[in-house]
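Residues per chain are reported as follows:
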Amino acid sequence: MDCNLGQLSAPLHATSGEATLADTGVPILREPQHHAAGFTLETLDTDVMCCILEEVVLLPGNRGASLKPLSLTSRRIRSLCMPFLFRTCWGHCSSIGIVPPTAIRPYVKQILFALAFYNLEELGSSKAIHPPLPLIDPFRENRPVFGKEFEYFPSIRSVIFEHAKGGVPWAALERCLSHPQLETLSFKQHATWICAPPIPHSPLASACRLTSFHYIPWEWRGYEGFDWKMDMQRIYSLESTYLHAIVPGLSSIAKHLTLPVETAPLREMVAADWPNMNTLSLLGRYLNTEQSRTMPLLLDRMQNLRSLSVLTVQFEDDPRPVLTTDSFNGSGLQSLTIAYPNPHDPIFRSLSENLTSLSLRDSLPRRYFVLHHHLDKKLHQASPLPSSSECLTMLQAFSAPRLDTLELVYAPDDAEYELLGHIARAFPLLETLELHRYSGLKPDEPPDPFYVRTYI
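Chemist: How should I be thinking about the overall build of the protein chain in this particular structure?
Modeler: For the protein chain, the count of helices and strands is 14 helices and 16 strands. Within the span of the protein chain, comprising 456 residues, buried residues form 45% of the whole. Residue pairs at least 24 apart in sequence account for 66% of intrachain contacts in the protein chain once pairs closer than 6 positions are excluded. If you sum the accessible surface of the protein chain, you get close to 23,500 Å²; carbon and sulfur atoms cover 56% of it.

Chemist: Would you mind showing me how to read the nonpolar core here?
Modeler: General note: in soluble globular proteins, nonpolar side chains tend to be found buried as a group. Counting 82 residues, the largest nonpolar core has Phe161, Leu173, Trp193, Phe213, Trp274, Leu336 and Leu408 as the members making the most contacts within it. If you tally residues by element for this core, the top one is helix α5 (residues 170–177), at 5 residues. When residues no more than four places from it in sequence are discounted, the contact partners of phenylalanine 213 are Leu185, Phe187, Leu243, Ile246, Val247, Leu250, His256, Leu257, Thr258 and Leu259. Formed by 10 residues, the second largest nonpolar core is a distinct cluster that contains Met49, Val57, Leu80 and Cys81.

Chemist: Could you clarify how one ought to interpret the environment of asparagine 342 in this entry?
Modeler: Checked against the element boundaries, asparagine 342 lands in the loop between β12 (335–339) and β13 (357–361). Separated by 21 residues in the primary sequence, asparagine 342 and proline 321 have C-alpha atoms spaced 6.6 Å apart. Excluding residues within four positions of it along the chain, asparagine 342 makes contact with Arg320, Pro321, Val322, Phe348 and Met394. A polar contact of 2.8 Å, which involves the side chain of asparagine 342, links it to the backbone oxygen of arginine 320.

Chemist: Please clarify how the packing of aromatic side chains should be interpreted in this entry.
Modeler: To describe a pair of aromatic rings, one takes the distance between the centres and the angle between the planes. One pass over the full model with this rule turns up 8 aromatic pairs. Taking 5.1 Å as the distance between ring centres and 50 degrees as the angle between the ring planes, the aromatic pair formed by phenylalanine 187 and tryptophan 193 counts as tilted. Ring geometry for tryptophan 193 and tyrosine 242: centres 4.4 Å apart, planes at 25 degrees, overall stacked. Of this pair, tryptophan 193 sits in the loop between β7 (184–190) and β8 (212–215) while tyrosine 242 sits in helix α7 (residues 232–246), and the two are 49 residues apart along the sequence. On the basis of relative accessible area, tryptophan 193 is assigned to the buried category, the value being 0%. A relative accessible area of 0% means that tyrosine 242 is categorised as buried. Following the ring pairs from residue to residue traces out a cluster consisting of Phe113, Phe161, Trp170, Phe187, Trp193, Phe213, Tyr215 and Tyr242.

Chemist: Would you mind showing me how to read the pattern of salt bridges here?
Modeler: When charged atoms on two side chains of opposite charge get close, those side chains can pair. Summed over all chains, the structure comprises 11 salt bridges. The closest approach of N and O atoms between aspartate 273 and arginine 301, which form a salt bridge, is 2.8 Å. Of this pair, aspartate 273 sits in the loop between α8 (266–270) and β10 (279–285) while arginine 301 sits in the loop between α9 (289–300) and β11 (307–315); the two residues are 28 residues apart in sequence, bridging distant segments of the chain. Among the charged side chains, a network of salt bridges with common partners joins Arg221, Glu239 and Glu262.

Chemist: For this particular structure, what's the right way to read the state of the cysteines?
Modeler: For the coordinates displayed, the defined rule picks out 0 disulfides. Not part of a disulfide, cysteine 50 finds its nearest cysteine sulfur in cysteine 51, a span of 7.2 Å. Of the residues examined, cysteine 50 reaches a relative accessible area of 26% and is grouped as partly exposed.

Chemist: How should I be thinking about the pairing of β11 in this particular structure?
Modeler: Consecutive residues of a regular strand have side chains that alternate between opposite faces of the sheet. Within β11, 9 of the 9 residues are buried, which leaves the element mostly enclosed by the surrounding structure. One ladder, built from 7 bridges, connects β10 with β11; its direction is parallel. In the strand pairing of β11, leucine 283 is matched with leucine 311. Crossover handedness for the path β10 to α9 to β11: right-handed. In this sheet, β12 lies alongside β11 in parallel orientation, the contact comprising 4 bridges. Bridge assignment links valine 310 to a residue of β12, and that residue is isoleucine 338.

Chemist: Help me out: how do you make sense of the confidence of the model for the protein chain in this one?
Modeler: Parts of the model with low pLDDT should not have their predicted coordinates read in detail. Looking at the protein chain, pLDDT values average 79 and 73% of them are 70 or higher. Note on residues 1–24: pLDDT is under 50 here. Beyond four places in sequence and across chains, it has 30 contacts. Below pLDDT 50 for its whole length, residues 441–447 participates in 5 contacts with residues either more than four positions away or in separate chains.

What counts and what doesn't
- Sequence positions are assigned chain by chain, starting from 1 and proceeding in written order.
- Local features in this predicted model are restricted to residues whose pLDDT is 70 or higher, and side-chain atom pairs enter the listing and the counts only when it is 80 or higher, whereas totals over whole chains, interfaces and linings include all residues.
- Neither water nor hydrogens contribute to the side-chain values; these are computed over all heavy atoms in the structure.
- The numbering of helices and of strands both runs from the N terminus, where a helix is a DSSP run of H or I of at least 4 residues and a strand a run of E of at least 2.
- Each residue is placed in one exposure class: buried if its accessible area under a 1.4 Å probe, protein chains only, is under 20% of its type's maximum, exposed if it is over 50%, and partly exposed if it falls in between.
- Residue contacts are defined here by distance: any two heavy atoms, one from each residue, within 4.5 Å place the two residues in contact.
- The Shrake-Rupley method, run with a 1.4 Å probe sphere, supplies the accessible areas, and residue values consider only the shown protein chains as cover.
- What makes a nonpolar core is a set of buried Ala, Val, Leu, Ile, Met, Phe, Trp, Tyr and Cys residues whose side-chain atoms join them at distances within 4.5 Å.
- For the purposes of these results, a polar contact is taken to be a pair of N or O atoms within 3.5 Å, where, inside protein, one atom must be able to donate a hydrogen and its partner to accept one; residues adjacent in sequence count only when each atom of the pair is a side-chain atom.
- Stacked, tilted and edge-to-face are the three classes assigned to paired rings of Phe, Tyr and Trp, where Trp is represented by its six-membered ring and a pair needs centres within 6.5 Å; plane angles under 30 degrees give stacked, over 60 edge-to-face, the rest tilted.
- We define a salt bridge as a side-chain nitrogen of Lys or Arg found within 4 Å of a carboxyl oxygen belonging to Asp or Glu.
- Two cysteine sulfur atoms form a disulfide, by the criterion used here, when they sit within 2.5 Å.
- Whether two strands pair depends on DSSP finding at least two bridges between them.
- When the strands point away from the viewer, a crossover counts as right-handed if the route from the first strand across the helix to the second turns clockwise.
- Per-residue confidence from the predictor is reported as pLDDT, which spans 0 to 100.

Structural data, given as structure tokens:
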């Protein structure tokens, strides 16, 4: 229907919720004016506003920066922003002269520590591994007393050691583990045990209620140790001592674990059930066949897993170990990540329609780094990529119509077109597809991105 602008200039006769054109009698509906107030931030329901603030905090690279100006707009919005603004604080708040304001203390749930427990000047610029270093005197002038933060922030649930060169000594760990509210303890790559003193003969704190424990070494440490001629066995031995003192005691309550497979206490973990284990992530590389062959026994003890990630480089004498036995129940898995998978692993037959994310890939560092630096030969390790036909075998072993994320790292063969066709037919809800295709004609030939772009 054609519209004449002249008709739209006719006078309006307005009522409380309706208006009509004087010449045509056609009603024009309008929103009552009192509804407008319902769309302001001030009058939004509290639960809705908190959901919005949670999403703002989770924006990539944001770290809550957008909340600061928003929190200045009114008293109500400021009060709603407070738990998000001060959820995470950096440690060292107990340094001399620095006391956290009383108003923020109830909101702090997580502390990130970046501190030195050792006289790091003794390390100098050398890259060699040193014997245990002397601890800094905690009562020396201008030195913070570790653990005072727990007195200031009684609601702490999570502690992350972001930077602690040389590692965190046992006394500091005991202070953390003795905090009754603590649920999560994490160590990033710059806080791993390298020159920490040995553990004294003391059991794990009985009050420890950790449900999440994450220990994440640097992915390059094995190769770095080889190049710099480090005594990696000594480092592994020290690290293993600490992990043995903490991890096995969490079997009845732990829900989330991230561990290096080189030093994880696998044999001790197999001795108990892990009924609440929800997320398991293993990193690093197998040092012997015993470690890889213990994995099926361990996963049989974790029948309620929702997310499993095994990003491990294989031992050269056992290049394709299976992760599970036929008795493993993987029907609850929603996310699965396996490096250098065995196409005949029973885990694929156990998957169900609950699976939404699958990654069959290489380990860390990624394959192209390993090829470029000839790392497999240096460290006597194996990193066998599956072929297209082997990937097809794995994907055909289960039905997952709700899969929305898929990553495959493979070497192409005659079944490649069939593999890609199966992906299109079997996973109708797929949103993200990532393919790393290695032609394998030459050891250092890079992936062929042209093929992937044009075909997909």
